[in-house]
Amino acid sequence: MDRVALFFWLWVLFLAVNVMWALAQAVVASALGARPLAVRIGYGPQLVAWRMAGIGWSLHPITLGSSASFVPEAEEGSTEPLKNRLLKLPPPLHALALAVPWYVQIGVAMACLGPAEGFHQFTEGFPAVFNLSALPGRVERFVGLLREGELVRAWGIMSARMASLNLLPIPSLAGGYLMLLPWRDKSPTPTWVRPIAAILLAISLIWAVWVASLFVRAIL
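(A) Up close: the overall build of the chain. Broken down by element type, the chain carries seven helices and four strands. For the chain, the α and β elements follow one another from N to C terminus as α-β-β-β-β-α-α-α-α-α-α. The C-alpha atoms of the chain give a radius of gyration of 18 Å, which matches the 17 Å a tight globule of 220 residues would have. Seen along its three principal axes, the alpha-carbon backbone of the chain occupies a region of about 55 × 40 × 35 Å. For the chain, buried positions account for 39% of its 220 residues. Summing over all exposed atoms, the chain offers an accessible surface of approximately 12,100 Å²; the carbon and sulfur share of this is 68%. Here the chain carries 16 positive and 11 negative side-chain charges, and the mean point of each set is 4 Å from the other.

(B) Summary view of helix α5 (residues 151–166). Across its 16 residues, α5 extends 22 Å between first and last C-alpha, which sits within 8% of the 22 Å expected from 1.5 Å per residue. For α5, the full list of buried residues reads A154, G156, I157, M158, S159, A160, M162, A163, S164, L165 and N166. Residues of α5 that are buried in the fold lie against α1 (3–31), α2 (91–113), α3 (115–130), α4 (135–147), α6 (174–179) and α7 (193–219).

(C) Looking closely at the nonpolar core. Within the largest apolar cluster, 44 residues are counted, with the highest numbers of intra-cluster contacts made by L10, F142 and M158. Counting residues per element, the ones that place at least two in this core are α1, β1 (38–43), β3 (55–59), α2, α3, α4, α5 and α7. Per-element tally for this core: the top contributor is α1, with nine residues. Ignoring sequence-local partners within four residues, the contact set of L10 consists of F142, L146, M158, F215 and I219. Core analysis: the second largest hydrophobic core is formed by seven residues, A29, F70, L86 and L89 among them.

(D) Seen up close, α2. Between its terminal C-alpha atoms α2 stretches 33 Å, which fits the 33 Å expected from 23 residues at 1.5 Å a residue. Residues H94, A97, L98, A99, P101, W102, Q105, I106, V108, A109, C112 and L113 constitute the buried set of α2. In this structure, the buried residues of α2 make contact with α1, α3, α5 and α6. Of the residues trailing α2, G114 is marked for its positive phi of about 100 degrees.

(E) The arrangement of a nonpolar patch on the surface in detail. Together, L23, L47, V48, W50 and M52 make up a nonpolar patch on the protein surface, roughly 430 Å² of accessible area in all. With three residues, the top contributor of residues to the nonpolar patch is strand β2 (residues 48–52). Mapping L47 onto the fold places it in the loop between β1 and β2.

(F) Examining the side chain of N18 more closely. Mapped onto the secondary structure, N18 falls in helix α1. When residues no more than four places from it in sequence are discounted, the contact partners of N18 are I41, T63, L64, G65 and S66.

(G) Quick peek at the packing of α1 against α7. Axis separation between α1 and α7 bottoms out at 10 Å; the angle between their running directions is 145 degrees. Within the contact between the two elements, α1 uses R3, L6, F7 and L10 and α7 uses F215, V216 and I219. Here the residues of the contact of α1 with α7 sort into six nonpolar, no polar and one charged.

Procedures and definitions
- Residues numbered from 1 in each chain as written.
- Predicted model: local features only at pLDDT ≥ 70, side-chain atom pairs only at ≥ 80, totals over all residues.
- Heavy atoms only, no water.
- Helix = DSSP H or I, 4+ residues; strand = E, 2+ residues; numbered from the N terminus.
- Rg over C-alpha atoms; globule rule 2.2 N^0.38 Å.
- Buried < 20%, exposed > 50% of the residue type's maximum accessible area, 1.4 Å probe, protein only.
- Areas by Shrake-Rupley, 256 points an atom, 1.4 Å probe, with all protein chains shown as cover.
- Lys, Arg positive; Asp, Glu negative; His and termini not counted.
- Charge placed at Lys NZ, Arg CZ, Asp CG, Glu CD.
- Expected span 1.5 Å × (residues − 1).
- Contact = heavy atoms within 4.5 Å.
- Core = buried A, V, L, I, M, F, W, Y, C linked by side-chain atoms within 4.5 Å.
- Patch = residues over 30% accessible without salt bridge, like charges linked within 9 Å, V, L, I, M, F, W, Y side chains within 5 Å.
- Salt bridge = Lys/Arg side-chain N within 4 Å of Asp/Glu carboxyl O.
- Axes fitted to C-alpha atoms, helices over the stretch in contact; angles between N-to-C directions.
- Nonpolar A, V, L, I, M, F, W, Y, C, P; charged D, E, K, R; others polar.

See the structure below:
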């Protein structure tokens, strides 16, 4: 498989993981009574937009993440603050709305790899994030799966690892929101939250850029 094809299939795998998360997020949140108003798949300029099940959907070219909006748009002339629909749920249901879409990814991993290996790939994903010396080798092996055309296995591994990554207590990820749920109704937010969140976010962004560079080097 040539380099262009490798980049294409890597993009497709990220797209598949994000589409599965977006569909699961919309279904789970709607079932719990907090239907999202908009779901954005990817980042960058909008490629296409559509409405489905009363939700505005949009697809963007950089498929490194997705997001769902639960805050209604303010009406013209209104000064009343609008409340996030998730905040109207009891905390246990709020937690389920955040976590279950990533449990769906574990299910995808089990379907692609088998139950035992799929779950193993998920649990191994937590320490793997911090084992920096082993990451280059892991990326090389993953790209090797793409070269050999083992796309289903690669999808399973990526789904499991993205689930474990997103359940870590990092700001802007599901695990970070879950960690802060005990303070969701407190105003103002405790003073220690913002600096810790900023530090964790900065570290996670540096890590993400480094991992992206490992993928580029492994393909080139």
